[in-house]
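Understanding the architecture of this molecule
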Amino acid sequence: MMLDREYDPKDIEQRWYETWLERKYFHAGDDGTAPGYAIVIPPPNVTGVLHMGHALNNTLQDIMIRYKRMDGYEALWMPGTDHAGIATQNVVEKYLAEKGKSRHDLGREAFIDEVWRWRDKHGGLIITQLKRLGASCDWDRTRFTMDEGLSHAVKKVFITLYNDGLIYRSDYIVNWCPRCHSALSDLEVEHEEADGFLWHIRYPLADGTGEVVVATTRPETMLGDTAVAVNPADERYASMLGKELVLPVMNRRIPVIADAVVDREFGTGAVKVTPAHDLNDYEMGLRHGLEVIVIIDESGNMNENAGPYQGMDRFECRKRLEEDLQEQGFLVGKTPYRVPVGTCYRCRTTIEPHLSKQWFVKTRPLAEEAIRAVADGRTRIIPKQWEKVYYEWMNNIRDWCISRQIWWGHRIPAWYCDGCGEVMVSETEPTQCSKCASADLRQETDVLDTWFSSGLWPFSTMGWPEQTPTLKRFYPTDVLITGFDILFFWVARMMMLGLKFMGDVPFRDVYLHALVRDEQGQKMSKSKGNIVDPIVEMDKYGADAFRFALTAFAAMGRDVRISDKRIQGYRFFINKIWNAGKFVLSNIEGFDPQGAVPDPSKLGLAEKWILTELNRAVAQTRKALEEYRFNDAADVLYQFTWHTFCDWYIELSKSVLSTGEGNQTRWVLHHVLRSILELMHPIIPFVTEEIWQRLPGRDGESIVKARYPSVNPELDFPGDDELMGYIIEVISGVRSIRGETGISPGVLLDVVIRVDDQKLRGLLQANSVHIRDLARTRQVGFIADEAERPRKCALAVRKGLEVYVPLEGVIDIDKELDRLAKQMGKVAKELEEKRRKLSNPNFVAKAKKEVVDEQVRIREALEFELASLQKAHALLKA
RNA sequence: AGGCACGUAGCUCAGGGGGAGAGCACCACCUUGACGCGGUGGGGGUCCAGGGUUCAAAUCCCUGCGUGCCUACCA
C-alpha cells in the first residue's frame, strides 16, 4: 500500500494509541520471569493542564520505558495524579466565587464533596493530555493521592512517625498566608526583593535621660514590641542596658536587652523585638523570657492588641502609624530600601510570620539515612552536580511543618480531649479519651502538606502497607525522572520516607532534567505571554515532532529552550522519515526479507558500509540512553537517518534497483529501515509504528513489542567502511567543483582520479559505479602516475586522492585559477601551523607518540594537498 | 551574603587538552521518478577578557566582567 505524499499525524496518532491501549501493551504484570523495570510518574496536580515541563518530563520517561520494554524488561510506568491541597482548593474556591459562594457558606463536608465532584469532572484532563503525548503508562494502575489505599498509607505513616517520636506538635512562628489562611513550609515561600523603606523611629527612655533610635522595615509590628535589643559589645548602648523605654503610641514600657545576633553595623545597631511576628525575634524572646503580643490576626488584620489600629489591614495600619509617629515627633526619617519579602508560592500574597501551633516532622534522623544512601551509591543523582545541592540541603535541614489549615487534603488523624487536653493519634476515631475517658473529643481540623502524601508515592502506589507482588517486583524503582525544581520538595522527602518505611531507597537513579524556557531563556509564564502550549504544538506538528524536539534539546543539566520554529524543524525530520519509508516500501513490494537473507560475505560495498554505520548508530544510541544523554541519542539517530541513510545509502541504492537486480540491496534497505524505526520508536512512537506496520515479513504485531536493535557482529565490516569513505570523498569533491565553478548538475562530466596505491586503485575502480551515479559523470578514469596528470582541469584533493574534472570549454579558466589559489592559501596556512608544531623539539619529545604520528600524518596530507594544488595551478595556467 | 551553572558562527546550542561543530538563518545552483517539509555546493567564528599550568588550552586552574538559577532569620 502506498503512503501519502506527506505525513499527516492526526488520525494516525489517535488510531495507534487506541490500538495500543486495547491490546494492553502498556500493562506490566506482577508475575513473570522477565526482569522488572519501573518508573513512577511525578504525579501532576489534578487541576493541572499539560505544560512544557510536563511534556519534557513525560517524554523522557516514556523514552526510557519504551526502550526497556523493547529491550526485554517488564516495564512498569506507574501513573497518577496529586490532590495538590492548596492549589486545588484555590481552584474550586474560585469556581464557587463565580457562583457567589465561599467555602464557608458550604461548610467543610459539603465543600470537600464539591472538590471531589470537581475532580471527577475535570481531573482527567491532564491524563488525557498525557495520552495525547503518547505516554505508555500502565493506566489500569492509575492512582490518586487521596485514594482509599493511599490515604491508608498516609495514616499509617503518620501514626508510625508519631509513635516513633518523629512527629510533634509545637508553637512556632510559621510562614502564614493570610489569603489561604494556612501555614506554609519553608519551601513553599518564594523569596523576592521589593522596593520598600527603612524607617528610623525614636524610643524614649522611661527615665527621660535619652532615647534609642531603632531601624525597621516593618513599623506596624512595633505595636507588638516587647523589647529593644543591642549587641552586648556595643559601647554606644552599654549604659542603657536594663533600662526601660516607652513604646511610642502604645505607651508600654519595654526593656533594653543585649543579644549577640544583633549586628552593630546595621541601621542604628538597635533592633526592636516583636516575638509574635518575626522568627528571629521569637527566638530572642525565648532566650530572654519576653512577653509575646500578637497584634495581627490570621487574615492579616490588626487585632485588639493593636490599640487604635484595631481592625485595620496590616498595610493600612503601616500608613496610619507612620502619620501618627510623624505627628508625635517619633519618626526620625525613612529611606528607600530593598526589602526581602516572602510570598505564597500559590497565590503570591505576602507572607506574614505567624505564631501558631503546628505539626512538625523531626527530619534530622531521617535525613541522615537519606544522606548515607546517596553517599554509598544506593541512589545515584544524575547529573552529579546535584548531589552537592542535595547534601547541602539535607545537612542543613530544618523540621518540616506538615500541617495546613485548609480543608482539602488528608486530615491529620489526631483527636483532642476537651476534658483533659490529651492528644490521641490513631487510625480510627476514638470513642473516649484514653486518659480521662471523656467522650468530648474533637478531631484535628488541619490537613497534611500535600508533599507528605507524595513523599510516599513510590511505595504507596504499589499497595503498601500490604506486601504486594507489585512491590516485590518493582520496588525500588529504577529511575526517577523529574525537574530539579522539586529536588527538595519531593525527591528528598521520598528518599527519607522510602528508607524509613521500605528499608530501601525508592529509586536507583534520579535523573534531574532542566527547566523548559522560551527561546530567550526566560521562564514561561502567562504574564509574560511567552507560553508555548504543548497541545497547540502537537496539533500543528504532531506529537512525534514535538517529542523529538524536546529530546534533541534535553542536553544534560542545561535548560531546554524551545520555540514553535524549532518544533517545526523536527516536523521536517518526521516527514523525511516518512518519505524514506515510502521509498523503501515502494521498492520492496512483494519482497520477502526472510526468504532472502544474504550471505554477508557477498554483500556489496555500499551494503557493507551502511550496515557497519548502522551498528555504530545502534551502539551509540543504546549507550546514550543508558546514560540518560537523551539529546545525544536524538542526535545520533537524526544524523544517521537523514545524512547517512537517506543522503547516501538510498541514493546509492537507486542505481542498483534500477537494474532490476538488487535483492540484497532490498534486503539491506528493509533491514536498515526497520532498525531505524525500532531505534527511534521510544522517541517518536507514532510514525515509527505506522511505517513498521507496513513492512513485509515483520515478526510480531506491533513495534511496541518489537526487540530493540542490538549490534550485529555478523554484519560489521570496518575495512569496507573505510573504502567507502574514499568514494564519498571523491563524489563530494566532484560536486564541490561543480558547485563552485557553476557547472549545471545536468551536465555529465568526465572524472580522472589519481591514486598512487595500486590496491586502493583497484578497489575504487571496481566500485566506480557509485561515483558515476552520484557525481553524475560520464566516465571515471584512473591514473597512477603524476606524469599522466591531465591539463586544463579543475582539481579537488581529498584523502590523498587527486580528483580531476577536465573543464576545457566548460568553464572559465581564470575563475578556476582563483579558486585554486584561494584553496592553496588556506592549505598553506594550516600547513605552516603544523610545521611549526612539529619543529618544536619539546613537542616531539614530550607528546605521546600517537599524537605526534597523527600530526605527522596530517602534515603529510597537507603537503600532498598543497603540492597537488600547486601543480594543477601551474598546468592550468600553462 | 553564600552556592551552582553558563558566556563557542547572525540566532539557538552541542563539544570539552592535540587539524573549530550541528540545526536554523544567509548566498548560489537544481522542476534527478521517497521527500522543495527536498537536493548539492558555499560564505561566516581573537570559542567573553586577562593571567597561570602544559610541548600543546575553546577545553584544566585562578581573577575579572556579564547572564541565569538556587539557598539564607540582617531588623
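Residues numbered from 1 in each chain as written. Chains lettered and ligands numbered in written order. Predicted model: local features only at pLDDT ≥ 70, side-chain atom pairs only at ≥ 80, totals over all residues. Heavy atoms only, no water.

1. A look at the overall build of chain A
How we decide: Secondary structure elements are taken from DSSP: a helix is a run of H or I of four residues or more, a strand is a run of E of two residues or more, and numbering for both begins at the N terminus. For the radius of gyration, the atom set is restricted to C-alpha positions; the globular benchmark scales as 2.2 Å times the number of residues to the power 0.38. Exposure categories follow from relative accessible area, calculated using a 1.4 Å probe and restricted to protein chains: below 20% of the type maximum is buried, above 50% is exposed, and the middle band is partly exposed. Contacts are residue-level and defined by heavy atoms, with any inter-residue pair within 4.5 Å sufficient. Residue exposure ignores everything except the shown protein chains as possible cover, and the areas themselves are Shrake-Rupley values with a 1.4 Å probe. Counting rule for charge: Lys and Arg are taken as positive, Asp and Glu as negative, and neither His nor the chain ends is counted. The atoms used to mark charge sites are NZ of Lys, CZ of Arg, CG of Asp and CD of Glu.
Secondary structure assignment for chain A yields 28 helices and 29 strands. Over its C-alpha trace chain A gives a radius of gyration of 37 Å, far above what one expects of a compact globule, namely 29 Å for 878 residues. Its C-alpha atoms give chain A principal-axis dimensions of roughly 115 × 65 × 55 Å. In chain A, which comprises 878 residues, the proportion classed as buried is 54%. Taking as baseline every contact in chain A between residues at least 6 positions apart, the subset at least 24 positions apart corresponds to 77%. On chain A, roughly 38,500 Å² of surface is accessible, and the fraction owed to carbon and sulfur atoms is 48%. If the 114 positive side-chain charges of chain A are averaged to one point and the 129 negative ones to another, these points end up 4 Å apart.

2. Some remarks on the confidence of the model for chain A
Quick note on the threshold: Confidence scores per residue from the predictor, reported as pLDDT, run from 0 to 100.
Averaged over all residues, the pLDDT of chain A is 88; the fraction at 70 or higher stands at 97%. Of all helices and strands in chain A, the one with the weakest mean pLDDT is strand 25 (residues 560-561) (64), whereas strand 2 (residues 74-78) scores best (97). Under the prediction, the complex receives an ipTM of 0.94, its pTM being 0.89.

3. Let's talk about helix 17 (residues 543-553)
With 10 of its 11 residues buried, helix 17 lies for the most part within the structure. Those residues of helix 17 not exposed but buried are A543, D544, A545, F546, R547, F548, A549, L550, T551 and A552.

4. Comments concerning the environment of M302
Its location among the elements puts M302 in the loop between helix 8 (279-288) and helix 9 (314-327). Assessed through its relative accessible area of 2%, M302 is described here as buried. On a C-alpha basis, the gap between M302 and Q870 in space is 91 Å, while along the polypeptide they are 568 residues apart. Setting aside its immediate chain neighbours within four residues, M302 contacts E220, L223, I295, I296, Y309, Q310, G311, M312, D313, R314 and C317.

5. Brief notes about the nonpolar core
Selection rule: Among buried residues, those of type Ala, Val, Leu, Ile, Met, Phe, Trp, Tyr and Cys that are joined through side-chain atoms within 4.5 Å constitute a nonpolar core.
Counting residues in each nonpolar core, the largest one holds 210 residues, and the members touching the most others are F452 and F645. Among the elements that make up this core, the one with the highest residue count is helix 20 (residues 630-658) (14 residues). For F452, the residues in contact, after removing those within four places along its chain, are V154, V157, F158, L161, V361, W400, I402 and L497. Ranked by size, the runner-up nonpolar core spans 31 residues in total, among them W199, V230, M250 and L321.

6. Here's the deal with the sheet that holds strand 27 (residues 777-783)
In plain terms, the rule: A pair of strands is labelled paired if DSSP reports no fewer than 2 bridges between them. Comment: axis = line fitted to C-alpha atoms, over the contacting stretch for helices; angle = value between 0 and 180 degrees taken between N-to-C directions.
Judged by pairing direction, the sheet is mixed, and its four strands sit side by side in the order 27-26-29-28 without closing on themselves. Lying at the two open borders of the sheet, with one neighbouring strand each, are strand 27 and strand 28 (793-798). On average, each strand axis in the sheet is inclined to that of its neighbour by 20°, with strand direction left out of account. Bridging between strand 26 (residues 749-754) and strand 29 (residues 801-806) involves three bridges; their strand directions are antiparallel. Note on strand 29: the bridge partner recorded for R754 is E802. In this fold helix 24 (residues 758-766) packs onto strand 27 and strand 29, with an angle of close to 165° to the strand it touches most, strand 27.

7. Examining the packing of aromatic side chains
Working definition: an aromatic ring pair is given by the centre-to-centre distance plus the angle between the planes. Here is the rule: Side-chain rings of Phe, Tyr and Trp, where Trp is taken by its six-membered ring, are said to pair if the distance between their centres is within 6.5 Å; with planes under 30 degrees apart they count as stacked, over 60 as edge-to-face, and otherwise as tilted. Our definition puts a charge over a ring when NZ of Lys or CZ of Arg is within 6 Å of the ring centre and also within 35 degrees of the ring normal.
According to the stated counting rule, one finds 38 aromatic pairs in the structure shown. Between the aromatic rings of W20 and F686, the centroid separation amounts to 5.3 Å while the plane-to-plane angle is 20°, which identifies the pairing as stacked. One end of the pair, W20, is in helix 1 (residues 9-22); the other, F686, is in helix 22 (residues 685-692), with 666 residues separating them in the sequence. Judged by relative accessible area, which is 1%, F686 ranks as buried. Geometrically, the ring pair formed by F111 and W407 is edge-to-face, given 5.8 Å between the ring centres and 65° between the ring planes. Here F111 is found in helix 5 (residues 108-122), whereas its partner W407 is found in the loop between strand 17 (403-404) and strand 18 (414-417), with 296 residues between them in sequence. Residue classification places F111 among the buried positions, given a relative accessible area of 0%. Residue classification places W407 among the buried positions, given a relative accessible area of 15%. Counting every residue linked through ring pairs, the aromatic cluster contains F548, F553, Y570, F573, Y638 and W642. R119 extends its terminal NZ or CZ atom over the ring of F144, reaching a point 4.4 Å from the ring centre.

8. Re the sheet that holds strand 22 (residues 477-483)
The three strands lie next to each other as 15-23-22, forming an open sheet whose pairing is parallel. The sheet terminates laterally at strand 15 (380-382) and strand 22, the two strands that pair on one side only. Averaged over all neighbouring strand pairs, the angle between strand axes comes to 15°, with direction disregarded. Alignment of strand 15 against strand 23 (residues 507-513), held across three bridges, turns out to be parallel. Within strand 23, the residue paired with I381 across the bridge is V510. Strand contacts of helix 2 (residues 52-70): strand 22 and strand 23, with the helix running at about 160° to strand 22, the strand carrying the most contacts.

9. Observations concerning the packing of helix 17 against helix 20
To keep things clear, this is the line we draw: Charged residues are taken to be Asp, Glu, Lys and Arg, nonpolar residues to be Ala, Val, Leu, Ile, Met, Phe, Trp, Tyr, Cys and Pro, and polar residues to be all remaining types, Gly included.
Look at helix 17 against helix 20: their axes get within 6 Å of each other, and the N-to-C directions meet at 120°. On helix 20, the residues touching F548, T551 and A552 of helix 17 are F630, N631, A634 and Y638. Looking at the contact of helix 17 with helix 20 residue by residue, the class counts come to five nonpolar, two polar and no charged.

10. A short note on the pattern of salt bridges
This is how it is decided: Within this document, salt bridges are pairs made up of a side-chain nitrogen of Lys or Arg and a carboxyl oxygen of Asp or Glu, the two lying within 4 Å of each other.
Scanning all chains against the criterion turns up 59 salt bridges. Here R141 makes a salt bridge to D30, at a shortest N to O gap of 2.9 Å. A residue pair is termed long-range when its members are at least 10 positions apart, and R141 in the loop between helix 6 (125-133) and strand 4 (143-144) and D30 in the loop between helix 1 and strand 1 (36-40) qualify at 111 residues. On the basis of relative accessible area, R141 is assigned to the buried category, the value being 9%.

11. Notes on the side chain of H770
Take H770: it is sitting in helix 25 (residues 768-774). Filtering out sequence-adjacent residues up to four positions away, H770 remains in contact with A606, L652, I727, I731 and A775.

12. Structural notes on the pairing of strand 7 (residues 189-204)
As judged from the 13 bridges shared by strand 7 and strand 13 (residues 331-344), these two strands associate in the antiparallel manner. For H191, the partnering residue across the bridge sits in strand 13 and is G342. By the bridge criterion, six bridges tie strand 7 to strand 8 (residues 211-216) in an arrangement that is antiparallel. Within strand 8, the residue paired with W199 across the bridge is T216. Here strand 7 folds back onto strand 8 in antiparallel fashion, the turn holding six residues, of which G208 has a positive phi close to 75°.

13. Some details on the environment of G697
Among the structural elements, G697 can be located in the loop between helix 22 and helix 23 (718-741). For the pair G697 and P44, spaced 653 residues apart in the sequence, the C-alpha separation amounts to 42 Å. In this view, G697 contacts P593 and Q594; residues no more than four positions away in its chain are not counted.

14. Focus on the environment of V755
Position of V755 relative to the elements: it lies in the loop between strand 26 and helix 24. When near neighbours in sequence (up to four residues on either side) are disregarded, V755 contacts L760, R761, L764, F782, I783, A784 and L801.

15. Regarding helix 11 (residues 385-395)
Because an α-helix packs 3.6 residues into every turn, residues spaced three or four apart end up facing the same way. Formally: By definition, the arc is the one covered by directions from the helix axis to the C-beta atoms.
Those residues of helix 11 that fall on the buried side of the exposure criterion are W386, E387, Y390 and M394. End-on, the buried residues of helix 11 take up no more than an arc of 110°, which puts them together on one face. Residues K388 and E392 are exposed on helix 11 and point more than 90 degrees away from its buried face. Considering only its buried residues, helix 11 is in contact with helix 10 (364-375), strand 15, helix 15 (487-502) and strand 23.

16. Side note on the side chain of T477
You can see T477 is positioned in strand 22. Given the relative accessible area of 0%, T477 is considered buried. When near neighbours in sequence (up to four residues on either side) are disregarded, T477 contacts A38, V40, M462, P506, F507 and R508.

17. Focus on a negative patch on the surface
For clarity, the threshold we go by: Patch membership needs two things, relative accessible area over 30% and no salt bridge, and members are linked within 9 Å if like-charged or within 5 Å if nonpolar (Val, Leu, Ile, Met, Phe, Trp, Tyr).
Taken together, the side chains of D4, E6, D8 and D11 define an acidic patch exposed on the protein surface. Relative to the helices and strands, E6 is located in the segment before helix 1. Judged by relative accessible area, E6 falls into the exposed class, the value being 51%.

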